[in-house]
Structure formats: structure tokens, C-alpha cells
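Now for the letters of each chain:
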Amino acid sequence: MTPKTEEQILNKELSSMHPKPEANRLIGPTDWHAIDWQKAFRLLKNLRSRIFRAAQEGNYKKVRSLQKLMLRSYANRVTSVRRITQLNAGKDTPGVDQVVVRTAVERQKLVEELSQHQPWKAKPARRVYIPKANGKRKLGIPVIADRCLQTMVVQALEPEWEAKFEASSYGFRPGRSCHDAIERIFRYARPDSRRKWVVDADIKGAFDHIDHSFLLQRTGRFPGKSLLEQWLKAGYLEANVFYPTDSGTPQGGSCSPLLANIALHGLEQAIGMDYQHGGGRVQTCGPRRVVRYADDFLVFCSTQEDAQQTVLLLKDWLKERGLALSEEKTRIVHLTDGVDFLGFHVRQYPSRNTATGWKTLTKPSKAAIQKIRDRLRVEWLGLKTQRVEVIVKRLNPIIRGWSNYFRIGVAYETFTKLDRWMFDRQVRYVRRMHPRKNYARFGGPMETGQVLGTAQSGSPG
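Computed from a prediction, not measured in an experiment: that's the story for all the values here. (Residues numbered from 1 in each chain as written. Predicted model: local features only at pLDDT ≥ 70, side-chain atom pairs only at ≥ 80, totals over all residues. Heavy atoms only, no water.)

### A look at helix H3 (residues 60–71)
Item 1. Over its 12 residues, H3 runs 16 Å from end to end, which matches the ideal 16 Å to within 8%, given 1.5 Å per residue.
Item 2. Buried residues of H3: Val63, Arg64, Ser65, Leu66, Gln67, Leu69, Met70 and Leu71, and no others. (Helix = DSSP H or I, 4+ residues; strand = E, 2+ residues; numbered from the N terminus. Expected span 1.5 Å × (residues − 1). Buried < 20%, exposed > 50% of the residue type's maximum accessible area, 1.4 Å probe, protein only.)

### Quick notes on the sheet that holds strand E11 (residues 339–341)
Item 1. Overall, antiparallel pairing links the 3 strands, which are arranged E11-E12-E13 in an open sheet. Each of the sheet's edge strands pairs with one partner strand only, and the pair in question is E11 and strand E13 (358–364). Neighbour to neighbour, the strand axes of the sheet diverge by 25° on average, direction disregarded.
Item 2. One ladder, built from 7 bridges, connects strand E12 (residues 344–350) with E13; its direction is antiparallel. Counterpart to His345 in the pairing with E13 is Lys363.
Item 3. Its contacts with the sheet place helix H7 (residues 178–188) against E11, E12 and E13, and it is angled at close to 160° to E13. (Pairing = 2+ DSSP bridges. Axes fitted to C-alpha atoms, helices over the stretch in contact; angles between N-to-C directions. Contact = heavy atoms within 4.5 Å.)

### Focus on the pairing of strand E8 (residues 289–293)
Item 1. Of all 5 residues that make up E8, 5 are buried, and the element is covered over most of its length.
Item 2. Side chains of E8 alternate between two faces, with Arg289, Val291 and Tyr293 and Val290 and Arg292 buried alike.
Item 3. Following E8, the chain reverses through 2 residues before pairing antiparallel with strand E9 (residues 296–301); Ala294 in that reversal takes a positive phi of roughly 60°.

### Examining the packing of aromatic side chains
Item 1. The full count for this structure, using the stated rule, is 12 aromatic pairs.
Item 2. Ring centres of Phe344 and Phe406 lie 5.0 Å apart, and the angle between their planes is 50°; this geometry places the pair in the tilted category. Residue Phe344 is located in strand E12, and its partner Phe406 is located in helix H15 (residues 388–406); the two are separated by 62 residues in the primary sequence. Both residues of the pair, Phe344 and Phe406, belong to the buried class. (Phe/Tyr/Trp six-rings, centres within 6.5 Å; stacked < 30°, edge-to-face > 60°.)

Have a look at this one:
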């Protein structure tokens, strides 16, 4: 089937998404409330699947043809606008033009604007800072139109690279999560494994120092390559002063996570990790194992000397991409000392009930526990004069989200301590609000959750 025929078929299906076609035009003016979203999502999913299968087969002529079709797709355009202006948490965050799209009429106008993205002139990002554990994180916020177009480009580029990405990569990928990464780490850290030395690697400013030439070379003959180059070179504004960007990806843009994964692809090959296919099974082979989530990764090695050699390999591998390891944060640890990753602490503990004399436990890290305590303490201080209903509405989603994330590990002891800490905060609140009531009338300590209805402690792990 020729690309022209494919486009005609797709456009014929898309034309039914809007009930008012105009003369000499396949699709009429966008009526946001009349869009058939179910059909739009189905068409987008089907086109992504076709790009993925063509990339798996190595038919890159077909891949490029389908990617061009995706970039012109009406379904891709309207779903991208919907995601950026309605679903994303940053939908109300403007770029340098201070434009925010909130109404259906504005979204309709944006859809028509994006149909004329050739030629396109990218605007610089707006530099903002958000707090992090050891300082501030720099973000570049593109304008709404650029964010929508970036989402359209990601829909065309991501399926091609999903067919190439390594099994050990988990960050910012569809169908993969932090829990999947922790599960694989738990398997690699089992007591009978020979690889008990871990390289806890930290890349210094990964998003800010990726080499543009290397990244653009990796994208090959992608149809939207000129747009990617514009976003990389667009620069940013801070205090009304323009600063050019000679390296790095615009952290805060829709395409940044995918571009970072593309730049860091190939880590398995660099450390000698490979796969053998046979008998309907896939077996991992090689002297080392790795698990990567975005720019954070762990490498499991057999000896301390091998771990030191791995650090040297990683330095050379990252140098080609314009990156470097952080000397302060990169360390080599033994599993009996434990390692922190994605908020969990993975460690081997002595055990008399196992054949190896050790057992691997995955617990919430001390830093994660202190972080949730600090956050809840700030919330309590800000709500100490509010009614119980207001406090419940504010605190319960935070507690529920944290407990759902960490409940996959061995968290019973942690949950019990946090329950007791929360109970003490509740008692202080009740005594402050009702100073003349006798605490003993309640029959001593109440069960956790009676005051605020917090989640009960427990863990399936």
C-alpha cells in the first residue's frame, strides 16, 4: 500500500470525527465538543502500533512514511492539544508569551494553528526553579503551542524507539513504572546471586549537558528532525534576558524524557550485558546487570574490582554523549550495606531461616520517610485551625498516595511508626481544639484512623 493510499484511508476515517465538513476541505472547522474521542484514540493507537511493528521488522522506509502520516494526523493533533491543555498538571503554566488555553474556542484555534506547523519557529523556554533534595532543579517551560507540537512529534518518534529500547530501561516509557524497576532490582539482589557489588551511578546534570550533535545524529532521518533541532537550540528567558542553549534538552518540555532515553540508549551493550534467545525463553547473559530509570541507574557486579572497572567504562561511554558521572554521588556499595533507588532501600540482611544465610528486603528509604514526615508536618501546621473535614480532605490523598507507592515493599514496620506519629499529631490537634475536654474520657489512646480516617498500616510484602 502506498503512502498516498494510506493517507487517503486515514483521512476518510478522520473526516467522520467532525460532522461539518467544508467545501474543498476534508475536515471542517474543529468543533471541540463534537470530536469523537474514542475514534481519535483508536486511530492514534493503531498508527503507533504500525510504526512499532515496522521498526521491529527493520523496514525504515515504511517507518518514515508512517511517521510523516502521524505528524499530519488530525487525531494526533486534537489528542495532543487535549493532553497539554486539559489533562497535564502544567496546563495552567504559561510560557514566555504568558498564554494559557482554557476554553473550547481557544483549543479549536490552537488545533487550526498546529495544522500549519511547516514552517515552524520555536520560541524560547521560560526558566523556572523548583525545590529538590539538594538545592533547586532548573526547568524550561515552552509555550503551549510548542508543548502541543512536541507531543505530536513524540507520538511519531516514540514507537520507533520503543522497538529498540533496552529491557533494563524503565523511566518515562509506556507500560513501565518505578515498581517494575524495583522488581527487577529485587531479582538481581537475591541472596544466591554472585553480583553483590553495586555501582550506584549518578549523572551530573544529565538533562542539561546532553550533546546536541550526538542526539540529532541518533534520530537519523526522522521527518520531524528540524523541529527537534529548533527546540534544542531555542534557548531560554530568565529575568527577561535571553540565554542560548548549546547542550542539553529543555527539561520541562514534552519531548525531553524521550530525548534523554534516546541519548542514554546502549548502556547494556556498554557494560557487556546481552540476551540469548532459545527454547521460547530469553536468558540474560554477561558479567554485569543494570537497571536504569531515566538518568539514575544501578550496575550489579561480581567483585569490587569489577565495579571499579565498570565506573571507568561508564565514564568513557558518557563522555561520548557530553555527560559525566558525579564524583560526589557515584559510589560502590555492597548489598549487605544496602543501596537506595527510587525511594526504596534494597539490602541483604542476615537470616538463619534461609539456605544462604541472607535475605533481601526492600524497604522505604530513610530519606523517603523523612520527606513524607516533613511534608505532613508542614500540612499540619497550615491546617491546625481548620475543621476536621478540611484536614481529612487535604491529608488523606497524600497519605494514600505514599502508602500505595511503598506498600509493595516490606513496609509494615514503617507504616506502624508513621501511624503512631500521625496519631500523636491528631491528639495534639484535638487537645488544641478542645482544651477543656478530658482526654481520659476517650478511654486512652484511640485506634489510628478514628480521628482522620487515615489508611490502616499493612503491607503485602
